[in-house]
Amino acid sequence: MKTLLALHRARPPLFRVFTISALGLLLANYPGQAQEQAQEAKWPSRVLLTNDNGIDDTGLIELARAFARVPGVEVIVAAATQDRSGTSNYAGATWADREYRVTRQELDPGIEAWAVDGYPADCVLFALSGPLRDRLPDVVVSGINGGPNLGDAWFGSGTIGAARTAAYFGIPAVAVSGLDDDDPAVVEFATSWVADFVQSGFVAALEAPEYLTVSLPVGHPSRIRGVRVVERARGLLSGESQPVERAEGQKDGGVQMWRLELRIAGLPAENTDVRAVQEGYIAIVPMHADESDADLMTRLSDLTHLIPAVQSAGVEPSSH
């Protein structure tokens, strides 16, 4: 992981610019290092926090403070300079060398914080390959996101995308959503509970590329009935596209405007995250960032004879 990404620095007066090269990805220690660290007496000893709402978000700041109150835990924050909600695990570093403006932030004493002008996944890659490359975190915590990320909505979530990125590159992660940050009692409960949860043996048992999504029922803590480990609700979203009507006399130049609306259709099944939250429970969904499918590989291995043959005989190689 020390050579996760090639990182080059320059030092302008008020900020640093980091260049991340996606071609330098080396996963020599993937995925076992975080689990080895979990065997230490104090776990986690180092936590990386991020989110998709931006570094100034209340949920992120208060969660960092909650971890900072835990003796022996080093807290690092790397988050976007602005709201990047709904960006999944998109990272600009995956398609080209990219320079990022990075600014050190002052949160509280003992909290190392970096603001990155990228996306949530960029923030994770920056931290793991830059300031933390020689002291990797035991776990990455993404959130706490204000709105829920339940059912099919997980796929586009930047909060979950950041956790998925961390897990894919070797660090177990937890993504947390569902915080009403207008109520101080809710913020205090949620951040304290998440800090306790991340320190638990349940989270310490994770091995990358495993991660968890945690969904809190929105509302006062007195409404929460408990915690459930459940499956992801699927197939609840449907889409409808319609052309946008233009004003009379307005020309479109041959370009049409369409509006896509996503709607919830259907009822969530039992033992799913949507149903659990509806019933007042914190929903924990175990996830896996590596999408290769061993069962599918086994099933398709008997069908390889159906793959069209490559007819290359007699074809002269191109001179270009």
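Everything that follows concerns the structure shown earlier in this document.
Keep in mind that what you see is a predicted model, and the values were worked out from it rather than measured.

### Focus on the overall build of the chain
For step 1, the next point in the chain: If you tally the helices and strands in the chain, you get 8 helices and 13 strands.
For step 2, the next point in the chain: Evaluated residue by residue, the chain yields a buried proportion of 47% over its 320 residues.
For step 3, the next point in the chain: Taking the intrachain contacts of the chain between residues at least 6 apart in sequence as the baseline, contacts between residues at least 24 apart amount to 76%.
For step 4, the next point in the chain: Carbon and sulfur atoms form 52% of the exposed surface of the chain, whose accessible area is close to 16,800 Å².

### Observations concerning the side chain of Thr-159
For step 1, the next point in the chain: With respect to the helices, strands and loops of the structure, Thr-159 is situated in helix α4 (residues 158-168).
For step 2, the next point in the chain: On the basis of relative accessibility, which here comes to 0%, the residue Thr-159 falls in the buried class.

### Looking at the environment of Tyr-281
For step 1, the next point in the chain: Mapped onto the elements of the fold, Tyr-281 is located in strand β13 (residues 281-288).
For step 2, the next point in the chain: Residues Tyr-281 and Val-227, spaced 54 residues apart in sequence, show a C-alpha to C-alpha distance of 5.2 Å.
For step 3, the next point in the chain: Once residues lying within four places of it in the same chain are set aside, the contact partners of Tyr-281 are Ser-215, Pro-217, Arg-225, Gly-226, Val-227, Arg-228 and Ala-276.

### Focus on the packing of aromatic side chains
For step 1, the next point in the chain: Applying the stated criterion across every chain yields a total of 4 aromatic pairs.
For step 2, the next point in the chain: When the centroid spacing of 5.6 Å and the interplanar angle of 65° are considered together, the rings of Trp-114 and Phe-126 count as edge-to-face. With a gap of 12 residues between them, Trp-114 in strand β6 (residues 111-116) and Phe-126 in helix α3 (residues 120-129) connect regions that are remote in the sequence. Accessibility assignment for this pair places Trp-114 and Phe-126 in one class, buried.
For step 3, the next point in the chain: Between Tyr-168 and Phe-169, the ring centres sit 5.2 Å apart and the planes meet at 85°, which makes this aromatic pair edge-to-face.
For step 4, the next point in the chain: What makes Phe-169 buried here is its relative accessible area of 11%.
For step 5, the next point in the chain: Taken together, the ring pairs in this structure connect Trp-193, Phe-197 and Phe-202 into an aromatic cluster.

### Examining unusual backbone geometry
For step 1, the next point in the chain: Omega for the bond connecting Gly-143 with Ile-144 falls within 30 degrees of zero, at 10°, which places this linkage in the cis form.
For step 2, the next point in the chain: Within the secondary structure, Ile-144 sits in strand β7 (residues 139-145).
For step 3, the next point in the chain: Of note, the amide linkage connecting Ala-208 to Pro-209 takes the cis form, showing an omega dihedral of 15°.
For step 4, the next point in the chain: Mapped onto the secondary structure, Pro-209 falls in the loop between α6 (201-204) and β9 (210-215).
For step 5, the next point in the chain: In this structure, Asn-271 is a non-glycine residue whose phi angle is positive, near 60°.
For step 6, the next point in the chain: Along the chain, Asn-271 falls in the loop between β12 (258-264) and α7 (273-278).
For step 7, the next point in the chain: Residue classification places Asn-271 among the partly exposed residues on the basis of a relative accessible area of 45%.

### As for empty space enclosed by the protein
For step 1, the next point in the chain: By the definition in use, this model includes 1 cavity of 30 Å³ or more.
For step 2, the next point in the chain: For the largest cavity, the full set of lining residues is Gly-178, Leu-179, Val-186, Phe-189, Ala-190, Leu-216, Pro-217, Gly-219, Pro-221 and Ile-224.
For step 3, the next point in the chain: Considering only residue class, the lining of the largest cavity consists of 8 nonpolar, 2 polar and no charged.

### Section: the pattern of salt bridges
For step 1, the next point in the chain: Going through the model one piece at a time under the given rule, you end up with 8 salt bridges.
For step 2, the next point in the chain: A salt bridge links Glu-62 to Arg-65, with the nearest nitrogen and oxygen atoms 2.7 Å apart. A residue pair is termed a helical-turn pair when its members lie 3 or 4 positions apart in one helix, as Glu-62 and Arg-65 do in helix α2 (residues 58-68) at 3 residues.
For step 3, the next point in the chain: Take Glu-62: its relative accessible area is 24%, and that puts it in the partly exposed class.
For step 4, the next point in the chain: Across the pair Asp-108 and Arg-65 runs a salt bridge, and its minimum N-O distance is 2.8 Å. Placement of Asp-108 in the loop between β5 (98-106) and β6 and of Arg-65 in helix α2 is noted, with a sequence separation of 43 residues between them.
For step 5, the next point in the chain: A network of salt bridges, in which partner residues are shared, links Arg-46, Glu-74, Glu-112 and Arg-135.

Thresholds, definitions, all that
- Residues numbered from 1 in each chain as written.
- Predicted model: local features only at pLDDT ≥ 70, side-chain atom pairs only at ≥ 80, totals over all residues.
- Heavy atoms only, no water.
- Helix = DSSP H or I, 4+ residues; strand = E, 2+ residues; numbered from the N terminus.
- Buried < 20%, exposed > 50% of the residue type's maximum accessible area, 1.4 Å probe, protein only.
- Contact = heavy atoms within 4.5 Å.
- Areas by Shrake-Rupley, 256 points an atom, 1.4 Å probe, with all protein chains shown as cover.
- Phe/Tyr/Trp six-rings, centres within 6.5 Å; stacked < 30°, edge-to-face > 60°.
- 1 Å grid on protein atoms, 1.4 Å probe; cavity = no way out; pocket = protein on both sides within 12 Å on 5 of 7 lines; lining within 4 Å.
- Points joined across faces, edges and corners; volume = space filled by probe spheres on them.
- Nonpolar A, V, L, I, M, F, W, Y, C, P; charged D, E, K, R; others polar.
- Salt bridge = Lys/Arg side-chain N within 4 Å of Asp/Glu carboxyl O.

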